[in-house]
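Residue-level structure breakdown
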Amino acid sequence: SKLYKRVKMVVIIGNGKMALAIAKGLNGECEVVGRDEAKLQKFQKEANIKKYHLIDNFDITDKTIILATKPYSLESLNLKGTAKEVISIMAGKKNR
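Residues numbered from 1 in each chain as written. Predicted model: local features only at pLDDT ≥ 70, side-chain atom pairs only at ≥ 80, totals over all residues. Heavy atoms only, no water.

Right, let's get into the side chain of His53. When you line up the elements, His53 lands in strand E3 (residues 51–54). Relative accessible area serves as the criterion here: at 19%, His53 is assigned to the buried category. A polar contact of 2.7 Å, which involves the side chain of His53, links it to the side chain of Glu31. Every residue in contact with His53, bar those within four places of it in the chain, is listed here: Glu31, Val32, Val33, Gly34, Leu40 and Phe58. (Helix = DSSP H or I, 4+ residues; strand = E, 2+ residues; numbered from the N terminus. Buried < 20%, exposed > 50% of the residue type's maximum accessible area, 1.4 Å probe, protein only. Polar contact = N/O pair within 3.5 Å; in protein donor to acceptor, adjacent residues only side chain to side chain. Contact = heavy atoms within 4.5 Å.)

Pairing is parallel across the open sheet formed by five strands, whose spatial order is E3-E2-E1-E5-E7. Each having just a single partner strand, E3 and strand E7 (85–88) make up the two edges of the open sheet. Adjacent strand axes in the sheet meet at a mean angle of 25 degrees when their direction is disregarded. Where strand E2 (residues 30–34) and E3 come together, four bridges link them in parallel fashion. The residue bridging Val33 from the neighbouring strand is His53, located in E3. Along the sheet, helix H3 (residues 37–47) contacts E2 and E3; its crossing angle with E3, the most-contacted strand, is approximately 165 degrees. (Pairing = 2+ DSSP bridges. Axes fitted to C-alpha atoms, helices over the stretch in contact; angles between N-to-C directions.)

Here we take up the nonpolar core. Judged by nonpolar contacts, the single largest core of 15 residues is most densely connected at Ile12, Ala23, Cys30, Val32, Phe43 and Ile49. Breaking this core down by element, the ones donating at least two residues are strand E1 (10–13), helix H2 (17–25), E2 and H3. Judged by nonpolar contacts, the second largest core, of 12 residues, contains Val11, Phe58, Ile60 and Leu67. (Core = buried A, V, L, I, M, F, W, Y, C linked by side-chain atoms within 4.5 Å.)

Another point: H3. Within H3, burial applies to Leu40, Phe43 and Ala47. One side of H3 carries all its buried residues, which in axial view fall inside an arc of 60 degrees. Exposed side chains of H3 directed beyond 90 degrees from the buried face belong to Ala38, Lys42 and Lys45. Where H3 begins, one side-chain oxygen reaches toward the backbone nitrogen of Ala38, 2.9 Å away; that side chain belongs to Asp36. Directly beyond the C-terminal end of H3, a positive phi value near 60 degrees is found at Asn48. (Arc of directions from axis to C-beta.)

Once that is clear, we can look at the layout of surface pockets. Each pocket or cavity is described by its volume, and for the largest pocket that value is around 540 Å³. If you trace the largest pocket, you find 22 residues lining it, with Asn15, Gly16, Ala68, Thr69 and Lys70 closest to the centre. Going through the elements one at a time, H2 and E2 are the ones with two or more residues in the lining of the largest pocket. Residues of the lining of the largest pocket, tallied by class, amount to 11 nonpolar, six polar and five charged. (1 Å grid on protein atoms, 1.4 Å probe; cavity = no way out; pocket = protein on both sides within 12 Å on 5 of 7 lines; lining within 4 Å. Points joined across faces, edges and corners; volume = space filled by probe spheres on them. Nonpolar A, V, L, I, M, F, W, Y, C, P; charged D, E, K, R; others polar.)

This is the structure in structure tokens:
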């Protein structure tokens, strides 16, 4: 895909069904960030990703981020830094 060729690493924030579909589409060439380590371990096996991270204070500096969380959880994300790009697949959330 064009996105894959343009960036070194994509980081998916969220580990639900949409995130899993995207990770599989990227052939596991991504990292995932979430809140629950047990769910992240399961996600890692299913999507064959290399790394996962817990969300608290995750540094998004210069990374390409795919927001794959529920809209209501957006405000509770505890991230630091400024992303290179942010792509949102959240339904019902307008850009600011």
